[in-house]
Amino acid sequence: MKKISKKWRSWLDSFLIDGKSKISYQKLCDSEGNPLEEEDILFADENMMTGKQTLGVWGLDSPEEENFLTLDMEGVIPVFDEAGNFPIALKTKDGHLAYLKVSRKTKEVLPIHAGCCPVLSVIFIGAPSAGKTVHFLQLCDPAFHDMLARNTTCSFEDDLPSDAVRRKRYEEARADMKNKKILPEPNRKGEVILPYYFYVQHREGEETRRALLRLDDIDGEQCTNMEWESKIFQSNIFIITIGADELLAAERGEEVQYTRVVKQLLPRLKVLRQDGEYEVRVMITKCDLLDFTNPYLETASENSIELKGGKIRQTAHETGFDYQVFKKRSRCIQNYLRKECPNFYSNLINSIPAEKLDFCMVASIGEECKDHRYEHFKPMFIDEPILSILAKEGLYPVEVLRERPEEEEAKSTVKSATQKFYDVINRFKDFMGLPDEYDEFMDEDEEDDEE
Ligand SMILES: Nc1nc2c(ncn2[C@@H]2O[C@H](COP(=O)(O)OP(=O)(O)OP(=O)(O)O)[C@@H](O)[C@H]2O)c(=O)[nH]1
Ligand SMILES: [Mg+2]
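Novice: Provide a residue-level description of the overall build of the chain, including the pertinent values.
Specialist: Helix and strand counts for the chain come out as 14 helices and 19 strands. Classification of the 451 residues of the chain by burial places 34% in the buried group. Sequence separation of 24 or more characterises 73% of the internal contacts of the chain that already satisfy a separation of 6 or more.

Next up, the structure:
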């Protein structure tokens with residue numbers, strides 16, 4: 001039995017190498033933002049990477065690439081996994097395995113599924129001290145992935161095959177933040193920060209969607225003095241982080257930096273990303289500092305997560321992303337921004353098409369921190385920004401109709417028929433692709449109610 005399957009497998013392997021029928025390379029960039037083509041993906045094992053062994057030992061000869069295998073070399077067999085599209089490794093006829101992928105341009109180790117899945121690249125931009133790194137580290141925490149995966153058919157896996165030395169600082173910072181309540185150091189200007197890659201799978205019935213979620217952090221200086229050639233513009237999703245402390249300072253008439261970031265970002269996006277294949281999320285950070293009795297925010301205050309026995313659990317999006325909850329909060333934030341920083345808000349909505357723009361907020365820690373430390377961990381809404389991205393790509397289940405508890409139902413009967421109608425419209429607006437005027441209508445309606 002064993003023999004047959006081995007024979008069949010090598011027949012299949014040789015068929016694949018000759019016909020390359022399964023190769024459907026999915027483009028990606030390396031950490032320096034170099035776009036990589038299929039032939040830019042090199043393969044090696046650890047001994048080759050460290051120069052301990054040469055290709056000659058494997059009986060291979062490559063005049064062009066020192067010590068790397070490539071897919072088009074004679075005598076190499078591609079190895080696929082469930083993601084398909086591109087091999088996860090190459091093997092030789094005598095059984096050597098090259099399981100590390102390397103960028104031809106930077107020689108850095110790439111994620112296991114480089115070339116196999118579409119990449120969803122998310123970059124956090126914002127002024128220094130906006131709260132980018134604290135939230136970034138949270139998103140890279142396996143416990144956070146556990147929280148997201150609970151009650152769903154999703155999985156998240158760190159896709160970098162080796163703990164690169166350059167990633168050590170971030171890994172340590174993450175452990176210190178979680179275990180010792182020490183916050184990360186501010187990033188140095190121009191600091192090299194390696195992206196994190198997560199292999200995300202979501203099974204729905206017979207179909208499984210897969211993608212590589214790439215998360216990039218950057219130092220705030222590069223965002224307030226943004227270069228036209230910045231690698232920022234290789235990403236698909238731009239999360240503009242704005243510290244609530246800055247919003248409050250702006251209200252007091254003080255000079256702030258977040259407006260500078262957006263002022264530089266918008267014209268560059270328009271010129272450099274004519275393809276239009278990007279999205280923007282405006283994320284207010286440190287939202288514990290906001291006054292939730294503010295009429296624009298008070299209906300947005302119900303947390304989407306809770307702490308249970310020291311572990312974070314989802315509440316609002318427990319069994320799937322609830323667009324209604326997210327959209328309601330998004331509208332509150334928009335109303336708040338429209339009132340408190342009208343010029344900044346109008347500039348955003350006039351420059352970015354409505355379907356590419358959304359608003360969210362988080363409190364990664366949830367209290368004012370002193371001397372780079374915090375005492376109590378009271379996070380808010382930290383699941384929402386990333387879920388809004390994953391759900392839109394079909395990588396996270398979406399809660400379409402949430403059963404309301406009885407008393408809620410009773411309350412809703414008091415609402416006018418028109419209100420109910422717009423409730424339903426609103427509930428399905430995103431799925432039906434209705435225009436943004438409905439948002440505008442709801443906003444006015446809500447404001448009227450408040451008065
Ligand atoms: N009140 C409050 N403060 C927070 C919260 N999260 C972060 N902070 C504060 O914000 C500071 C800056 O956070 P970072 O994540 O390091 O900021 P950054 O945007 O990465 O800054 P640069 O690396 O300099 O660009 C932290 O040291 C905390 O003092 C929060 O949830 N609430
Ligand atoms: Mg930082």
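Okay, back to it.
Novice: Quick one: what's the story with the sheet that holds strand β5 (residues 89–92), residue by residue and with numbers?
Specialist: In space, the three strands of this open sheet follow the order β4-β5-β6, with antiparallel pairing throughout. Every interior strand has two partners, whereas the edge strands, β4 (76–79) and β6 (97–98), have only one. Where β5 lies against β6, two bridges are found, and the strand directions are antiparallel. What sits directly across from leucine 90, in β6, is alanine 98.

Novice: Before we move on, can you summarise the environment of alanine 173 with the specific residues and values?
Specialist: Its place among the elements puts alanine 173 in helix α5 (residues 168–180). A sequence separation of 11 residues divides alanine 173 from proline 184, and the C-alpha atoms of the two residues are 5.6 Å apart.

Novice: Lay out unusual backbone geometry with the relevant residues and their values.
Specialist: In the Ramachandran plot, asparagine 85 falls in the positive-phi region, its phi being about 70 degrees despite a non-glycine side chain. As for its position among the elements, asparagine 85 is in the loop between β4 and β5. Among the residues examined, asparagine 85 registers 17 C-beta atoms within 10 Å and is labelled partly exposed. Here the phi dihedral of serine 129 falls at roughly 70 degrees; this positive angle occurs in a residue that is not glycine. Serine 129 sits in the partly exposed class, given 17 other C-beta atoms within 10 Å.

Novice: I'd love a proper account of the site of ligand 1, names of residues and values included.
Specialist: Neighbouring ligand 1 are 25 residues, the closest being Lys132, Thr133, Pro186, Asn187 and Gly220. The element best represented in the shell around ligand 1 is helix α3 (residues 132–139), accounting for three residues.

Novice: Which residues make up the environment of threonine 70, and what values do they have?
Specialist: Tracing the sequence through the fold places threonine 70 in the loop between α2 (46–49) and β4. With 29 residues separating them in the primary sequence, threonine 70 and isoleucine 41 have C-alpha atoms 7.2 Å apart.

Novice: How would you explain the nonpolar core if you had to name every residue and give the values?
Specialist: Core analysis: the largest hydrophobic core is formed by 97 residues, its most contacted members being Ile125, Ile239 and Ile240. In this view, isoleucine 239 contacts Val122, Ile123, Phe124, Ile125, Arg281, Met283 and Pro385; residues no more than four positions away in its chain are not counted.

Novice: So, the packing of helix α8 (residues 258–272) against helix α10 (residues 342–351): which residues are in play, and what are the values?
Specialist: Look at α8 against α10: their axes get within 11 Å of each other, and the N-to-C directions meet at 20 degrees. Here α8 lies roughly parallel to α10, going by the angle between them. Relative to α10, the crossing made by α8 is left-handed. Packed against α8, whose contacting residues are Thr259, Val262 and Leu266, the element α10 presents Phe344, Asn347, Leu348 and Ser351 at the interface.

Novice: Break down the confidence of the model for the chain for me, with residues and values.
Specialist: Mean pLDDT for the chain: 86, with 82% of residues reaching 70 or above. Overall, residues 1–5 carries pLDDT values under 50, and its contacts beyond four positions in sequence, including any with other chains, amount to zero contacts. Confidence over residues 430–451 falls short of pLDDT 50; this stretch has 15 contacts with residues more than four positions distant or in other chains.

Novice: How would you explain the pairing of strand β12 (residues 207–216) if you had to name every residue and give the values?
Specialist: Taking burial as the measure, the 10 residues of β12 include seven buried ones, the bulk of the element. Where strand β9 (residues 119–126) lies against β12, five bridges are found, and the strand directions are parallel. Its bridge partner lying in β12, valine 122 is registered against leucine 215. Relative to β12, strand β11 (residues 196–204) runs antiparallel, the two sharing nine bridges.

Novice: Describe the sheet that holds strand β7 (residues 100–103), and please don't skip the residues or the numbers.
Specialist: The strands making up a sheet are joined through hydrogen bonds of the backbone, oriented either antiparallel or parallel. One open sheet holds the three strands; their spatial order is β3-β7-β8, and the pairing between them is antiparallel. Of all the strands in the sheet, the pair left with one neighbour each is β3 (41–44) and β8 (109–110). Bridge analysis of β3 against β7 gives four bridges, and the strand direction is antiparallel. Residue pairing for β7: phenylalanine 43 is matched across the bridge by lysine 101.

Novice: Can you tell me about the environment of glutamate 298, naming the residues and giving the values?
Specialist: With respect to the secondary-structure elements, glutamate 298 resides in the loop between β14 (279–285) and β15 (305–308). With 12 C-beta atoms packed within 10 Å, glutamate 298 lands in the exposed category. Considering only alpha carbons, one finds glutamate 298 and cysteine 332, 34 residues apart in sequence, at a separation of 8.3 Å. Dropping the residues within four chain positions of it, glutamate 298 is found in contact with Phe292 and Thr293.

Novice: Please set out helix α11 (residues 384–392) residue by residue, giving values where relevant.
Specialist: In terms of burial, α11 is largely enclosed, as eight of its nine residues are buried. By the burial criterion, the buried members of α11 are Glu384, Pro385, Ile386, Leu387, Ser388, Ile389, Leu390 and Ala391. After α11 finishes, the residue glycine 394 shows a positive phi value of roughly 75 degrees.

Novice: How would you explain the pairing of β15 if you had to name every residue and give the values?
Specialist: With four bridges connecting them, β15 and strand β16 (residues 311–314) associate as antiparallel partners. The residue bridging isoleucine 305 from the neighbouring strand is glutamine 314, located in β16. Hairpin connection from β15 to β16: two residues lie between these consecutive antiparallel strands, with glycine 309 at a positive phi of about 55 degrees.

The rules behind the values
Residues take numbers from 1 onward in each chain, read along the sequence in its written order. Working convention: letters from A go to chains and numbers from 1 go to ligands, in the order in which they are written. Where totals are concerned, whole chains, interfaces and linings use all residues; where local detail is concerned, this predicted model gives features only for residues with pLDDT of at least 70, and gives and counts side-chain atom pairs only at 80 or more. We count a stretch as a helix when DSSP gives it H or I for four or more residues in a row; a strand needs E for two or more, and each element gets its number in order from the N terminus. For every residue, the other C-beta atoms within 10 Å of its own C-beta are counted; 20 or more classify it as buried, 12 or fewer as exposed, and values in between as partly exposed. C-beta atoms are placed from the backbone. The contact criterion used here is simple: two residues whose C-beta atoms, placed from the backbone, lie within 7 Å are in contact. For two strands to be treated as a pair, DSSP must find no fewer than two bridges joining them. To decide nearness, the C-beta atom of each residue is placed from the backbone, and the residue is near a molecule or strand if that atom lies within 6 Å of it. Joined through C-beta atoms within 7 Å, a set of buried Ala, Val, Leu, Ile, Met, Phe, Trp, Tyr and Cys residues constitutes a nonpolar core. Only the stretch in contact is used when fitting a helix axis, every axis being a line fitted to C-alpha atoms; angles between N-to-C directions are given from 0 to 180 degrees. Roughly parallel here means an angle under 35 degrees, roughly antiparallel means over 145, roughly perpendicular means 65 to 115, and every remaining angle is called oblique. A crossing counts as left-handed when the near helix is turned anticlockwise from the far one by less than a right angle, and as right-handed when that turn is clockwise. Per-residue confidence from the predictor is given as pLDDT, running between 0 and 100.

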